[in-house]
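# Descriptive analysis of the structure
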Amino acid sequence: ESVNHLHRPSFHFQPPKHWINDPNGPVYYKGLYHLFYQYNTKGAVWGNIIWAHSVSKDLVNWEALEPAIHPSKWFDIGGTWSGSITIVPGKGPIILYTGVNQNETQLQNYAIPEDPSDPYLRKWIKPDDNPIAMPDYTMNGSAFRDPTTAWFSKDGHWRTVVGSKRKRRGIAYIYRSRDFKHWVKAKHPVHSKESTGMWECPDFFPVSLTDFQNGLDLDYVGPNTKHVLKVSLDITRYEYYTLGKYDPKKDRYIPDGNTPDGWEGLRFDYGNFYASKTFFDYKKNRRVLWGWANESDTVEDDILKGWAGIQVIPRTVLLDSSKKQLVFWPVEEIESLRGNYVRMNNHDIKMGQRIEVKGITPAQADVEVTFYVGSLEKAEIFDPSFTFEPLDLCKIKGSNVRGGVGPFGLITLATPDLEEYTPVFFRVFKDTKTHKPKVLMCSDARPSSLKQDKGPLAKDRMYKPPFAGFVDVDMADGRISLRSLIDHSVVESFGALGKTVITSRVYPVKAVKENTHLYVFNNGTQTVTIESLNAWNMERPLQMNEGAL
Ligand code: FRU
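Residues numbered from 1 in each chain as written. Predicted model: local features only at pLDDT ≥ 70, side-chain atom pairs only at ≥ 80, totals over all residues. Heavy atoms only, no water.

### Brief notes about a nonpolar patch on the surface
Quick reminder of the rule: In this analysis, a patch consists of residues with relative accessible area above 30% that form no salt bridge, clustered at 9 Å for like charges and at 5 Å for the nonpolar side chains Val, Leu, Ile, Met, Phe, Trp and Tyr. Every accessible area reported is derived by Shrake-Rupley at a probe size of 1.4 Å, with residue values counting cover from the shown protein chains alone. What counts as a salt bridge is simple: a side-chain nitrogen of Lys or Arg found within 4 Å of a carboxyl oxygen of Asp or Glu. Secondary structure elements follow DSSP: runs of H or I no shorter than four residues count as helices, runs of E no shorter than two count as strands, and numbering proceeds from the N terminus.
On the surface, V45, V299 and I303 cluster together to form a nonpolar patch covering roughly 220 Å² of accessible area. Among the structural elements, I303 can be located in helix α1 (residues 299–305).

Structure, rendered in structure tokens:
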């Protein structure tokens, strides 16, 4: 079996070959970060899923261990699907995961380490008193999965959330247990919403309303908190979250009015990002997010390449000081991979100008840039009758469509003549109603590759969408920042210090390896200043699961 390296990321988490999807059971335990993930032992498409297992001291270098869980018992013979880890005092880490039985019914199971004193947690046991939860007659047994990390409450119960649906209503069930063995479903779901479909991979955690620097563990209780409920919607293949209030007595979660449930909701990432999961990192008092970025290439080429799927760079999650949304930032450890460095300061970019960032390896880089825009006088009017969907706006107003303030930003993975390029950019509108700027951020894969489609079916076509989100900033100081992590077929971008995040997967034909270029551009009539730009080569981690599996 050969693996094609042309588009293979160099500093993103992945195994040496084959298919991966959801991150599972992330945890920090006895000095090691553990990451499990959905892995196909046999090829580069979804199937034959087991829990593969890797450990790391720094979230950058990874050592692959033997798989933790694979189908072997009646309660998981049809699949060992996603789940989480909880550290239970006196017992150690316990996995909760979804097993699929012979009849394709989804069940919740638990697994325990053979030796909880082993920091590597190499061997896992599936006790015979599994499953811990089965769908009853009111529930949909083919839509009942992905248990969250459990938390312990003052009333002496552990609680976990399991994703589900009934007809088209998305549901998050709560299960309670005193001993982590016997689990009972709460009378009411903790939350549900009509017309949203299956809620895959729910995540439910508190954030602080007063401390915007540190994360909170799940069992934290105090007055100044809000909760986050995130779900992955299999209909849109995007994730959405709300901020809200969790009432532990009633076991109900009520989203704030200003964060809508469902398809208009907020997102962790507006691009190729799914089935994410957070964990609380005791070492650094932070909540860290993992998420899966699927390939966007044709299925045939995934198979030819011999690998498919990566995990994004883990991100810290905090409540924004506006208290209206979360903010995300790549974990600081990733900066240890920064090598050669170039900078630029106070450089004007006039309308139509494109400036090359030279002196680094543009296919494998970390770029941070702060733009000074100054006056927003020339900004286009945001016409409310036009469209509220950021994606539609980005489709029409691409990086080449001249504007007032913007489009400006980065041109990544590009050829010098722009036969191929992936632009990541802002466009600033004036909202005549609120008199505030309305900032659009796009990561547009449409011009990313010259590769021809193989046929009309979706599986034969490369997925080259524009992705977009609004950035909730007032730009009172006339500035906005952008950071992109570029890794051959990955562009992970953070607008305004992580208020809006977009990940794209792209497969250029010519803009590969040393033929790749990086530019800063402006296509708005308003001159934009690069106040500061810092760009680094990114080194390869010394160890990325080599030789295993
Ligand atoms: C999400 C998902 C989960 C499921 C797993 C199976 O990508 O569909 O709901 O547990 O993948 O691999």
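Picking up after the structure, the text goes on.
### Describing the site of the ligand
The cut-off we apply is this: The criterion for a residue being near a molecule or strand is simple. One of its heavy atoms has to lie within 4 Å of it. Any pair of N or O atoms that falls within 3.5 Å is considered a polar contact. Within protein, one atom must be able to donate a hydrogen and the other to accept it, and sequence-neighbouring residues count only if both atoms are side-chain atoms. By the convention adopted, Pro, Cys, Tyr, Trp, Phe, Met, Ile, Leu, Val and Ala count as nonpolar, Lys, Arg, Asp and Glu as charged, and the other residues, Gly among them, as polar.
Around the ligand lies a shell formed by N21, D22, Q38, W46, W81, S82, R145, D146, E200, Y274, A275 and W292. One of the backbone nitrogen or oxygen atoms of S82 is found 3.2 Å away from an oxygen atom of the ligand. D146 places a polar side-chain atom, nitrogen or oxygen, 2.6 Å from an oxygen atom of the ligand. Summarising the interface, the protein chains cover 93% of the accessible area of the ligand, which totals 320 Å² for the free molecule. If you list the elements that add at least two residues to the shell around the ligand, you get β1 (18–29), β5 (79–88) and β19 (274–281). Considering only residue class, the shell around the ligand consists of five nonpolar, three polar and four charged.

### Things to note about unusual backbone geometry
Spelled out, the test is: Exposure classes here rest on a 1.4 Å probe applied to the protein chains alone. A residue is buried below 20% of its type maximum, exposed above 50%, and partly exposed in between.
A cis amide bond links N130 to the next residue, P131, at an omega of -5°. Its place among the elements puts P131 in the loop between β8 (124–125) and β9 (144–145). Here the amide bond leading from G406 into P407 is cis, since omega sits at 10°, within 30 degrees of zero. With respect to the helices and strands, P407 occurs in strand β29 (residues 405–414). Non-glycine residue R237 carries a positive phi angle of around 60°. Within the secondary structure layout, R237 lies in the loop between β16 (225–233) and β17 (238–247). Looking at R237, the relative accessible area reads 40%, which means it is partly exposed. Phi angles above zero are rare outside glycine, and K513 is one such case at about 45°. By the element assignment, K513 lies in the loop between β35 (500–505) and β36 (517–522). Exposure remark for K513: the relative accessible area of 33% places this residue in the partly exposed category.

### Section: the nonpolar core
Across soluble globular proteins, nonpolar side chains have a tendency to be buried as a group. The criterion, for reference: For this analysis, a nonpolar core means a set of buried residues of the types Ala, Val, Leu, Ile, Met, Phe, Trp, Tyr and Cys, connected via side-chain atoms within 4.5 Å. Note on contacts: a residue pair qualifies if any of its non-hydrogen atoms lie within 4.5 Å across the two residues.
Ranked by size, the top nonpolar core spans 85 residues in total, and within it F268, L326, V357, F371, F408, I480 and L533 carry the most contacts. With near-sequence residues (within four places) excluded, F408 lies in contact with F371, V373, F425, F426, V428, I480, F521, N522 and V528.

### Here we look at the confidence of the model for the protein
Heads up, the rule is: Note on scores: pLDDT gives the predictor's confidence for each residue, bounded by 0 and 100.
Mean pLDDT for the protein: 96, with 99% of residues reaching 70 or above. At the level of chain-chain contacts, confidence expressed as ipTM amounts to 0.99, with global pTM at 0.98.

### So, the sheet that holds strand β4 (residues 63–69)
What counts is decided by this rule: Two strands make a pair as long as DSSP finds a minimum of two bridges between them.
Pairing within the open sheet is mixed, and its five strands lie in the order β4-β3-β2-β1-β21. Taken across any chain shown, the strands that pair with only one partner, and hence form the sheet edges, are β4 and β21 (307–308). Bridging between β1 and strand β2 (residues 32–40) involves six bridges; their strand directions are antiparallel. The residue bridging P23 from the neighbouring strand is Y37, located in β2.

### Considerations on the sheet that holds β16
To keep things clear, this is the line we draw: A fitted line through C-alpha atoms represents every axis, and for helices the fit uses only the stretch in contact; the resulting angles, taken between N-to-C directions, go from 0 to 180 degrees.
Read across the open sheet, the four strands follow the order β15-β16-β17-β18; overall the sheet is antiparallel. The open sheet is flanked by β15 (199–208) and β18 (252–255), the only strands paired with a single partner. In this sheet, adjacent strand axes meet at a mean angle of 40° when their direction is disregarded. Pairing between β15 and β16: eight bridges, direction antiparallel.

### Notes on the pairing of β29
In terms of burial, β29 is largely enclosed, as ten of its ten residues are buried. Inspection of the sheet shows β29 paired to strand β30 (residues 422–431) by six bridges, in the antiparallel sense. Within β30, the position partnered with V405 by the bridge is V428. The pairing of β29 with β36 spans five bridges and is antiparallel.

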